[in-house]
Amino acid sequence: MIVYDIVLNGEIKETIKPKKNRLKEIYTYMLDQTKLMKAKYGENVKIKSRIVY
């Protein structure tokens, strides 16, 4: 499962776990989430992905 960490100033603020596993669906979901996170935390936010088994 792919999860995304929202990192602000070097510290993880929250983790996003997409409900669907298809890459096309994850991509569109994360585009929307990226816009929301930038509005919520500002432009300094970084989104990093990782795999959880």
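Residues numbered from 1 in each chain as written. Predicted model: local features only at pLDDT ≥ 70, side-chain atom pairs only at ≥ 80, totals over all residues. Heavy atoms only, no water.

An unreviewed UniProt entry lists the protein under the name Mechanosensitive ion channel protein MscL, with Paenibacillus anseongense given as the organism.

Within the protein one finds one helix and three strands. Its helices and strands in sequence order give the protein the pattern β-β-α-β, from N to C terminus. Against the 2.2 N^0.38 benchmark of 10 Å for 53 residues, the protein shows a C-alpha radius of gyration of 11 Å, consistent with a compact globule. Counting only C-alpha atoms, the protein reaches 30 × 20 × 10 Å along its principal axes. Burial analysis of the protein (53 residues in total) assigns 25% to the buried set. Looking at the protein alone, contacts between residues at least 24 apart form 54% of all its contacts between residues at least 6 apart. Accessible surface, the protein as shown: approximately 4400 Å² in total, 53% of it carbon and sulfur. Charge centroids of the protein, computed over 12 positive and 6 negative side chains, lie 4 Å from each other. (Helix = DSSP H or I, 4+ residues; strand = E, 2+ residues; numbered from the N terminus. Rg over C-alpha atoms; globule rule 2.2 N^0.38 Å. Buried < 20%, exposed > 50% of the residue type's maximum accessible area, 1.4 Å probe, protein only. Contact = heavy atoms within 4.5 Å. Areas by Shrake-Rupley, 256 points an atom, 1.4 Å probe, with all protein chains shown as cover. Lys, Arg positive; Asp, Glu negative; His and termini not counted. Charge placed at Lys NZ, Arg CZ, Asp CG, Glu CD.)

It is worth spelling out the sheet that holds strand β1 (residues 2–8) at this point. The three strands are arranged β2-β1-β3 in an open sheet whose pairing can be described as antiparallel. Here the strands that pair on one side only, and so sit at the sheet edges, are β2 (11–16) and β3 (46–51). On average, each strand axis in the sheet is inclined to that of its neighbour by 30 degrees, with strand direction left out of account. Bridge count for β1 against β2 is five bridges, and the pairing is antiparallel. Bridged to Tyr4 within β2 is Ile16. Helix-sheet contacts for helix α1 (residues 23–41) involve β1, β2 and β3, and the interaxial angle to β2 is about 140 degrees. (Pairing = 2+ DSSP bridges. Axes fitted to C-alpha atoms, helices over the stretch in contact; angles between N-to-C directions.)

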